Amino acid sequence: MSVCGMSRVSRYCSAKPWRLPSLRHLPLSVWASSRWKHSASRPYKAVIFDMGGVLMVSPYSIAAEWERQNGLQAGSIWRTILSGETRVAWDRCLLGELTFEEFVKLCGKDPGKAIQTTNTVQSYLLKVTDHMSDGMCVAMREAVQCIKAEGLKAAILTNNFWFKGQSVLPSDKNLFDVIVESCREGVSKPNPEIYKLCLDRMKVCPEESIFLDDLGQNLKAAAQLGIHTIKVADRATAIQELELKLGFPLRGFVHGTRAVRKGMEIPTDSLKNYLQTTLGLSSEDAVLLRQFTHGQSNPTYHVQSGAHQLVLRKKPPGKLLPSAHAVEREYRVMKALGAVGIPVPTLLDICEDPSVVGTSFYLMEYCPGRIFKDPTLPGLTASQRGDIYTAMNHVLCKIHKVDIQAAGLEDYGKIGNYIERQVHTWTKRYRASETHVIPAMEQLIKWLPLRIPEQEKITVVHGDFRLDNLIFHPDKPEVLAVLDWELSTLGDPICDVAYNCVAHHLPEDFPLIRGMSKCDLKELGIPSDLEYLALYCNNLGMNPIENWNFYLAFSFFRISAILQGVYKRSLQGQASSDKGEIVGKLAAKMADLAWVFAVREGFRIFDSIPVGNPGPPVRKYSTWNRQRTSPATFLSPSFLDVNHYRSLVSVPKGHLIISPEGLPTRVKDLYHRLTVFMDKHVYPHEKELADYHRSDRRWIPNPRIEELKIFNSSAPDTGNMEMLVKYGTEAQKQQWLLPLLEGKIRSCFAMTEPQVASSDATNIEASIVEEGNFYILNGHKWWTSGAMDPRCKLCVFMGKTDPQASKHKQQSMVLVSMDTPGIKVIRPLSVYGMEDPPGGHSELIFENVRVPKENILLGPGRGFEIAQGRLGPGRIHHCMRLIGNADRALELMKERVKTRVAFGKSLADQGTIKADIANSLVEIEQARLLVLKAAHLMDIVGNKEAASAISMIKLVTPSMALRVIDRAIQAFGAAGLSEDYPLAQFFGTARSLRLADGPDEVHRNFVAKLELKQIGSTKNS
């Protein structure tokens, strides 16, 4: 009912049109759609609660008490409210047209009511608001929590009003998924539209929901829509009725629990007898059981009997793998560790008699506190997050420092060869639960035994040590208890540390725990896995761990084996969690991730092998500049069976890195930070930036770009900066290079001319004539990228200083300030109609432009030489950008085809689409490797020796990008040609780069000439 539940029924029977100002987003078609069709097998998905009289005390009860205290006739308060002008005002209050304060004032002005009665009503209404701001009644709150624990949605649907600038809701309103209030929507119960609004926001059908109210008129309206209803006359009775409808209990809620799952039931009678006999609990108290939702292995239950709260942990039912789920071992190790000061729950008893609950089990005291299931620790400050991780690291060190003999655990596990035995054990368990072939697991099963660390420290290892297996103090960063010791034994402690860091490498949408692979850990205040490892080593006084990637590979291998076991048990109906089937299917993904770390470990070992003097390369343009071995063999098991464990060093010259995993640690960190930056700040603003480039303000630099500018790697600035570094004088660097490096100014490069074929630089006709201490520049240039930008302060101008000199000595380059008189911008040129603001591509006239002689680069006649030196890095940059555009186009294409249906099936299922995706991926990776090789050769042999590779990438990459982008456009259909997506812009850029910095024909000819020349040289030698 809520305090606002009393409303005139006649209002909803009038012929007056509905006032639904906030319901215009609910078209009738929504209610006619097939999603409202109900299947008899469909379970309930939502429970909707009225507020006053259901969740909280009824306003009728408050009114009755108030009337008794003030000597008023029973029912007089609400008769007063719902009569005369007050009645109309009350309806307006419910619709949000009047605030509660305004309504109370109107009550005092009603001439038809006695002053004493009016004052009593005003006092009563204020009293009601006090009650409403309190929390829900305990039984209803517990019922809502139980409903939420089962995965159902909960909503409040109430006739409410504005009071002190806000609506009046219970303090625990955050328990509800949806709250619908009449004062916010402009419509109140029993108008059917408010029920529809509530259902729509919960995204459920009427038949999938249950509505509880204490007023018949409200229930009737709901029932007419197909909503199941319960009238609340007595809360306890209503909760019992709700339990019958839902099929699970709504009492005894404990955080992190749910009703006992089907197939996981425990006979409460025999358990009660056991508790009475063993622990002396009262026979008068009922035993309430709830199952903890956390974990995928041993079923764990919360047991409440009177004031006693216990935790029962048992083996799963059914046939189990040998040595798995050994609760007896758990009990023993926790008992022993608790005695030496390790924080574990207080152990009470162990029972190995299966007649009690069906399997062996043990009991411990319930330990209240905080369990963090999300490793990013939402709701905490960066400092608090750091404290939590530090406390976790501290307790792990404490476990690993336990004196095994003093704890009586010297026989708890075999001494030595822990990882070797673990690999064997998990391989055996994986084989026992194997349902299909996982290729990465087959690779790991062969690789791991060959990479076992030579030396292992022996300690107690938890085996499943992670953040969500710890109970923290409610207020302090202090670990109260370490849970789930099922996998504990004696072994290598670094396995615990690595397993503790798996969340660092998981994606955010990982079903079991949220991963942090793309999170900005520094901003969150969370240490990286390497920082966490360093803290651990520092706490224990250990040397740094060199083969960290091996331990991560082993951790993910073990996770894959565990998940495969969960999946197998789910198929047999034995999984302790209802997510068994879902998470079991992740086994292959975890195996793939394990193999990634195996490859990283292979890189580390390869880098640490002493090379000495490699001698001259066998082939001048080899991708791998080593004589000892080839890249094809360094990851093979036979090659990796070496004993060169040295510290990780920087990548040696001559080693081509083909993936981010091979980068040095500092560069890898920059790479991951860049990935996070792009995901967080760039991709979400693509549409905004595109719209700005089409607006009237497009020639003004976009403030958003300036805000996000962190790379300073735009063309032609990068080429001009490199040119100044290589060829500029100190004065030129001071004047132009420093401001460019700091991003304070922009620049342009004026070479191409409309009257000649500028692909041949010797055709340039612009003149540079010496006159005293100046050069006089005249020429007509176009496609001068960047010149339109108001920040463009420097132009690098190419022209002829001596037309009579030899062909490649006629040209020179001069640095020209853009504010020099005589420079005229004729127009911006467009590429397929796109102007590329704010820099654009300009057509310029240089008319008697006077430039100081000291502005010449390197000297007269050196222009062609400079141009060739400038173009190498510039072509690399262009190809890198094109690969990025092609990657983005492919990503957009994959997203598009997953969401579009044609001819009765998803585009993603069409054979031609799959072929296009595969071809695009292959071509991108081919081009990427060729670009990496060219950049590598520029680093180790220089631009001149790498000239052929540079021309090859300039020949290959634009054409590749065009094909990939064209396939994406084809998959998008007409939308791919529009301004709504960046594909058309990508296509224009790629097409222009088949011409810019040398057309394809020039590069093709150059590559062929060099190759033929090389063959000739080989024969002569």
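Values in this document were obtained by computation on a predicted structure and should not be read as measured data.

Here we look at the overall build of the protein chain
The number of helices and strands found in the protein chain is 34 helices and 26 strands. Of all 1021 residues assigned to the protein chain, the portion counted as buried reaches 50%. Taking as baseline every contact in the protein chain between residues at least 6 positions apart, the subset at least 24 positions apart corresponds to 71%. For the protein chain, the exposed area adds up to about 47400 Å²; of that, 53% sits on carbon and sulfur atoms.

Quick notes on helix H29 (residues 730–741)
Taken as a whole, H29 has its buried residues at Gln732, Lys733, Trp736, Leu737, Pro739 and Leu740. On its buried side, H29 packs onto helix H28 (717–727), strand S18 (746–750), strand S21 (792–800) and strand S22 (811–817). A positive backbone phi angle near 75° is found at Gly743, which sits one or two residues after H29.

Focus: the nonpolar core
Counting 94 residues, the largest nonpolar core has Leu409, Phe465, Trp485, Phe556 and Phe557 as the members making the most contacts within it. The greatest single-element share of this core, amounting to eleven residues, is contributed by helix H21 (residues 548–571). Ala750, Ala766, Ile823 and Ile856 belong to the second largest nonpolar core, which has 40 residues in total.

A closer look at the packing of H28 against H29
As a packed pair, H28 and H29 sit with axes 10 Å apart at the nearest point and diverge in direction by 145°. For the element pair H28 and H29, the recorded crossing hand is left-handed. Between H28 and H29, the residues in contact are Asp717, Met721, Leu724, Val725 and Tyr727 and Gln732, Lys733, Trp736, Leu737, Leu740 and Leu741, respectively. Classifying every residue of the contact of H28 with H29 gives eight nonpolar, one polar and two charged.

With respect to the pattern of salt bridges
In total, this model carries 46 salt bridges according to the counting rule given. Notably, a salt bridge pairs Arg332 with Asp411, separated by 2.5 Å at the nearest N-O pair. Within this pair, whereas Arg332 is found in helix H13 (residues 327–339), its partner Asp411 is found in the loop between helix H15 (382–400) and helix H16 (418–433), the two being separated by 79 residues in sequence. On the accessibility criterion, Asp411 (56% relative accessible area) is exposed. A salt bridge links Arg967 to Glu923, with the nearest nitrogen and oxygen atoms 2.9 Å apart. Pair noted here: Arg967 is in helix H32 (residues 947–972) and Glu923 is in helix H31 (residues 911–941), with a separation of 44 residues, a long-range link. According to the relative accessible area criterion, Glu923 is buried, its value standing at 14%. Beyond isolated ion pairs, a larger network of salt bridges with shared partners links Lys687, Asp691, Arg694 and Glu979.

A few points about the sheet that holds strand S8 (residues 257–258)
Strand order in this open sheet of six strands is S8-S9-S10-S11-S13-S12, and the pairing throughout is antiparallel. The open sheet has two free edges, formed respectively by S8 and strand S12 (347–351), since each of these has just one partner strand. Two strands pair when backbone bridges link them, and strand S11 (residues 308–314) and strand S13 (residues 361–365) are joined in this way by five bridges, in the antiparallel orientation. Residue Arg313 lies in a different strand from S13, and its bridge partner there is Tyr362. Each of S11, S12 and S13 is contacted by H13, which is oriented at about 155° to S12, the strand it contacts most.

Remarks on the environment of Ala766
Turning to its location among the elements, Ala766 is positioned in the loop between S18 and strand S19 (767–771). The sequence separation of Ala766 and Met798 amounts to 32 residues, and the corresponding C-alpha distance is 7.3 Å.

Here's the deal with the packing of aromatic side chains
Applying the stated criterion to the full structure yields 14 aromatic pairs. A ring pair is formed by Trp90 and Phe161, whose centres lie 6.2 Å apart and whose planes are at 55°; its orientation type is tilted. Separated by 71 residues along the polypeptide, Trp90 in helix H4 (residues 84–94) and Phe161 in the loop between strand S2 (153–158) and strand S3 (162–163) bring together distant segments of the chain. Geometrically, the ring pair formed by Trp447 and Phe550 is tilted, given 6.1 Å between the ring centres and 40° between the ring planes. Of this pair, Trp447 sits in helix H17 (residues 439–447) while Phe550 sits in helix H21, placing them 103 residues apart in sequence. Pairwise contacts between aromatic rings join Trp447, Phe550, Tyr551 and Trp595 into one cluster. A cation sits over an aromatic face here: Arg329 above Tyr412, 3.9 Å from the ring centre.

Quick notes on the pairing of strand S16 (residues 479–482)
Where strand S15 (residues 470–472) meets S16, three bridges bridge the pair, whose relative direction is antiparallel. Across the sheet, the residue bridging to Phe472 is Val479, located in S16. Connecting the antiparallel pair S15 and S16 is a turn made up of six residues.

Details of unusual backbone geometry
A cis amide bond links Ala715 to the next residue, Pro716, at an omega of 0°. As for its position among the elements, Pro716 is in the loop between helix H27 (703–708) and H28. With an omega of 0°, the peptide bond between Pro837 and Pro838 qualifies as cis. Looking at the element boundaries, Pro838 is found in the loop between strand S23 (823–829) and strand S24 (841–852). Phi is positive for Tyr832, which is not a glycine, with a value near 55°. Within the secondary structure layout, Tyr832 lies in the loop between S23 and S24. A residue is classified by how much of its surface remains accessible, and Tyr832, at 56% relative accessible area, is exposed.

Considerations on the pairing of strand S7 (residues 228–231)
Pairing between strand S6 (residues 209–213) and S7: four bridges, direction parallel. Across the sheet, Asp213 pairs through a bridge with Lys231, a residue of S7.

Points about H28
Every α-helical turn comprises 3.6 residues, leaving residues that sit three or four positions apart pointing alike. Judged by how many residues are buried, H28 sits mostly within the fold: eight of eleven residues are covered. Along H28, the residues classified as buried are Asp717, Thr718, Gly719, Asn720, Met721, Met723, Leu724 and Tyr727.

Regarding the sheet that holds strand S5 (residues 178–181)
Sheets are built from strands that pair by backbone hydrogen bonding, the pairs being arranged parallel or antiparallel. Here we have five strands laid out as an open sheet, ordered S5-S2-S1-S6-S7, and parallel in their pairing. Here the strands that pair on one side only, and so sit at the sheet edges, are S5 and S7. Adjacent strand axes in the sheet meet at a mean angle of 20°, parallel and antiparallel pairs treated alike. Bridge analysis of strand S1 (residues 46–49) against S2 gives four bridges, and the strand direction is parallel. The partner of Phe49 across the bridge, within S2, is Ile156. Across the sheet, helix H7 (residues 138–149) is in contact with S1, S2 and S6; its angle to S1 comes to roughly 155°.

Here's the deal with the packing of H7 against helix H11 (residues 235–246)
Running from N to C, H7 and H11 point in directions that differ by 10°, and their axes come no closer than 10 Å. In this view, H7 runs roughly parallel relative to H11, as classed from their interaxial angle. Remark: the crossing between H7 and H11 carries left-handed chirality. From H7, Ala139, Met140 and Ile147 reach across to H11, where they touch Arg235, Ile239, Leu242 and Leu246. Here the residues of the contact of H7 with H11 sort into six nonpolar, no polar and one charged.

Quick look at the confidence of the model for the protein chain
Put simply, the protein chain has an average pLDDT of 83, and 86% of its residues get 70 or more. Helix H1 (residues 28–32) is the least confidently modelled element of the protein chain, averaging 31 in pLDDT, while H15 averages 97, the highest of any element. Between residues 1–42, whose pLDDT stays under 50, and residues either more than four places distant or in other chains, the model counts 99 contacts. Contacts of residues 611–653 to residues separated by more than four positions or lying in other chains number 75 contacts, the stretch itself having pLDDT below 50.

Describing the side chain of Ser555
Within the fold, Ser555 resides in helix H21. What makes Ser555 buried here is its relative accessible area of 2%. A distance of 3.5 Å separates a polar side-chain atom of Ser555 from the backbone nitrogen of Tyr499. When sequence neighbours within four positions are dropped, the list of residues in contact with Ser555 reads Cys495, Ala498, Tyr499 and Val502.

Criteria and thresholds
Residues numbered from 1 in each chain as written. Predicted model: local features only at pLDDT ≥ 70, side-chain atom pairs only at ≥ 80, totals over all residues. Heavy atoms only, no water. Helix = DSSP H or I, 4+ residues; strand = E, 2+ residues; numbered from the N terminus. Buried < 20%, exposed > 50% of the residue type's maximum accessible area, 1.4 Å probe, protein only. Contact = heavy atoms within 4.5 Å. Areas by Shrake-Rupley, 256 points an atom, 1.4 Å probe, with all protein chains shown as cover. Core = buried A, V, L, I, M, F, W, Y, C linked by side-chain atoms within 4.5 Å. Axes fitted to C-alpha atoms, helices over the stretch in contact; angles between N-to-C directions. Left-handed = near helix turned anticlockwise from the far one by under 90°. Nonpolar A, V, L, I, M, F, W, Y, C, P; charged D, E, K, R; others polar. Salt bridge = Lys/Arg side-chain N within 4 Å of Asp/Glu carboxyl O. Pairing = 2+ DSSP bridges. Phe/Tyr/Trp six-rings, centres within 6.5 Å; stacked < 30°, edge-to-face > 60°. Lys NZ or Arg CZ within 6 Å of the ring centre and 35° of its normal. Parallel < 35°, antiparallel > 145°, perpendicular 65-115°, else oblique. pLDDT = per-residue confidence, 0-100. Polar contact = N/O pair within 3.5 Å; in protein donor to acceptor, adjacent residues only side chain to side chain.

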